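What follows is the residue order along each chain.
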Amino acid sequence: MEQASLAGAPKMKEVTHVDWIRGITLERVTVVNKSEGRHECIVRTLKNTELVGQCDACARRHAPTQLRCAMTRREPSPLVEPVHYVFGTQTIVPGIWELDGGQETFNSSLSREVWVQRAPTAATRSGALLLGL
Ligand SMILES: [Zn+2]
């Protein structure tokens, strides 16, 4: 059995789906391992054209056929809080979350992050708080 490991460069093939989308930067977050509140993630940064256009609903590269995407609609993305949203529903992932160990960047678009949930909700307007970014 292959052991999941934090070591090594993340590969696009590991990004089989998207779990969360980060507000403002619109980075895509894939949880690859989860136990007791500790979430090992691969984070994909958007290409500059996608960020400028506010691509917020395409799992891979921007697709002009994706009508739910703000870039397709030529509208600003509503994902403007510094929190994680559930990819697909755009609801906020509640809780106090702490980035453990910083960001480990391997190339221009993919990095590994570990997010630990410290509390189920946060005393903020959104109910969520990301610490350590
Ligand atoms: Zn898009």
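These figures come from a predicted structure and were not determined experimentally.

1. Overview of the pairing of strand β5 (residues 95–99)
- As paired elements, β5 and strand β8 (residues 128–131) share four bridges and run parallel to each other. Residue pairing for β8: Glu98 is matched across the bridge by Leu131.
- Where β5 meets strand β7 (residues 110–119), four bridges bridge the pair, whose relative direction is antiparallel. Across the sheet, Ile96 pairs through a bridge with Ala119, a residue of β7.

2. A short note on the environment of Arg38
- Of note, Arg38 is situated in strand β3 (residues 38–44).
- Its 12 C-beta neighbours within 10 Å are what place Arg38 among the exposed residues.
- For the pair Arg38 and Gln117, spaced 79 residues apart in the sequence, the C-alpha separation amounts to 6.6 Å.
- Once residues within four sequence positions are removed from consideration, Arg38 is found in contact with Val114 and Val116.

3. A few points about the pairing of strand β2 (residues 28–35)
- Sheet analysis places strand β1 (residues 20–22) next to β2, joined by two bridges and oriented antiparallel. Within β2, the position partnered with Ile21 by the bridge is Arg28.
- Connecting the antiparallel pair β1 and β2 is a turn made up of five residues, with Ile24 showing a positive phi of about 75 degrees.
- Bridging between β2 and β3 involves seven bridges; their strand directions are antiparallel. In the sheet register, Asn33 faces β3, and the bridge partner there is Glu40.
- The turn joining β2 and β3, which pair antiparallel and follow one another in sequence, is formed by two residues; a positive phi near 45 degrees is taken by Glu36.

4. Overview of the environment of Phe87
- By the element assignment, Phe87 lies in the loop between β4 (84–86) and β5.
- Classification of Phe87 by C-beta neighbours within 10 Å gives buried; the count is 20.
- Here the alpha-carbon distance between Phe87 and Ala57, two residues 30 residues apart in the chain, equals 7.3 Å.

5. Considerations on unusual backbone geometry
- Residues other than glycine seldom take positive phi values, yet Ile24 does so here, at roughly 75 degrees.
- Along the chain, Ile24 falls in the loop between β1 and β2.
- We classify Ile24 as exposed; it has 12 C-beta atoms within 10 Å.
- Despite not being glycine, Glu36 has its phi angle at roughly 45 degrees, a positive value.
- Following the sequence through the fold, Glu36 ends up in the loop between β2 and β3.
- Classification of Glu36 as exposed rests on a count of 7 C-beta atoms within 10 Å.

Definitions and cut-offs
- Position numbers for residues start from 1 in each chain and track the written sequence from start to end.
- A pLDDT threshold of at least 70 governs which residues receive local features in this predicted model, and a stricter bar of 80 or more applies before side-chain atom pairs are shown or counted, although totals over entire chains, interfaces and linings include all residues.
- For two strands to pair, DSSP has to find at least two bridges joining them.
- What counts as a helix is a DSSP run of H or I of at least four residues, what counts as a strand is a run of E of at least two, and both are numbered from the N terminus.
- With C-beta atoms placed from the backbone, the exposure class of a residue follows from how many other C-beta atoms lie within 10 Å of its own: 20 or more, buried; 12 or fewer, exposed; in between, partly exposed.
- A pair of residues counts as a contact when their C-beta atoms, built from backbone coordinates, are separated by no more than 7 Å.

By themselves, these figures tell us nothing about what the structure is for.
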